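Overview (structure and organization)
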Amino acid sequence: MRSGVGKLLTRIGTKREDFSVAFSLSNVSETDQFVAREEELAEIHRTLRGDGSRHIVVLHGLGGIGKTQLTVAYAKRHKDNYSAVFWLNIKDEESLKQSFANVAKQILWEHPSASRLSSVDIKENIDEVIDAVKAWLSLPNNTRWLMIYDNYDNPKLAGNTDPAAVDIRKYLPESYQGSVIITTRSSEVKIGHRIRIGKLEDVRDSVKILSNASRREGLEDGIVRAF
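Described in the following lines is the structure provided in the data block. (Residues numbered from 1 in each chain as written. Predicted model: local features only at pLDDT ≥ 70, side-chain atom pairs only at ≥ 80, totals over all residues. Heavy atoms only, no water.)

Regarding the overall build of the protein chain
For the protein chain, the helix and strand inventory stands at eight helices and five strands. The order of α-helices and β-strands along the protein chain, N terminus first, is α-α-β-α-β-α-α-α-β-β-β-α-α. Going through the 227 residues of the protein chain one by one, you find that 46% of them count as buried. The contacts in the protein chain between residues at least 6 apart in sequence include a share of 77% that link residues at least 24 apart. Summing over all exposed atoms, the protein chain offers an accessible surface of approximately 12400 Å²; the carbon and sulfur share of this is 45%. (Helix = DSSP H or I, 4+ residues; strand = E, 2+ residues; numbered from the N terminus. Buried < 20%, exposed > 50% of the residue type's maximum accessible area, 1.4 Å probe, protein only. Contact = heavy atoms within 4.5 Å. Areas by Shrake-Rupley, 256 points an atom, 1.4 Å probe, with all protein chains shown as cover.)

Put into structure tokens, the structure is as follows:
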């Protein structure tokens, strides 16, 4: 961590009530209708138990299978369990760094006393901003946050020689606290409790996802008539 970054954020305070950030998914694309996966939602909730220690859920499965929308549904359903919910796009490092800049703005909106963070030039000092956000998430008693790393489809793993591959470990808060959800197409991301998101058993639910994604109405009626 860069010198002084931790001191910048300790000014915010260490009481639990000092860490609340308004819930927002304004940067997330979501469908109007979600095809419920109640078993998966329940498993996520069981894993991310709020005991103050670090818990990580990895949702893995094919592209377009519904991982992001499942995460949106979980965040909406359980938002009151968390003091803050932050959404990051980790499809590549540039997107992830921009997401951290947005998180910093969310924190500062609620906690303007973190004045040094607000003075950092995000374009010139984005690494310092990332360190500052991670330090804020690691403060004592700030244990009820949820970080969502979406689209982790190019992970830096053994055998992946792509120089653009991302090492998510560099972007996780150091302290062993808080909750994390990761969505990925890769079955090789093994840093938490893994939940495979497979095809829906009911063909009508699958068609509903296709209808939502394509914005074509009437697909479900055609399937019903076919049966």
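Now, onward.
What to know about the sheet that holds strand β2 (residues 84-89)
Where strands meet in a sheet, backbone hydrogen bonds hold them as pairs that are either parallel or antiparallel. Taken in spatial order, the five strands line up as β2-β3-β4-β1-β5 in an open sheet, and their pairing is parallel. Strand pairing shows two members of the sheet lacking a second neighbour, β2 and β5 (193-196), which therefore form its edges. On average, adjacent strands in this sheet sit at an angle of 15° to one another, irrespective of strand direction. Here four bridges tie strand β1 (residues 55-60) to β5, and the two strands are oriented parallel to one another. Bridge pairing in β5 places V57 opposite H193. (Pairing = 2+ DSSP bridges. Axes fitted to C-alpha atoms, helices over the stretch in contact; angles between N-to-C directions.)

A word on the packing of helix α4 (residues 93-110) against helix α6 (residues 126-137)
As a packed pair, α4 and α6 sit with axes 9 Å apart at the nearest point and diverge in direction by 55°. Here α4 lies oblique to α6, going by the angle between them. Judged by the sense of rotation from one axis to the other, the crossing of α4 with α6 is left-handed. Together, K97, F100, A101, V103, A104 and I107 of α4 and I126, D127, V129, I130, V133, K134 and W136 of α6 make up the contact between the two elements. (Parallel < 35°, antiparallel > 145°, perpendicular 65-115°, else oblique. Left-handed = near helix turned anticlockwise from the far one by under 90°.)

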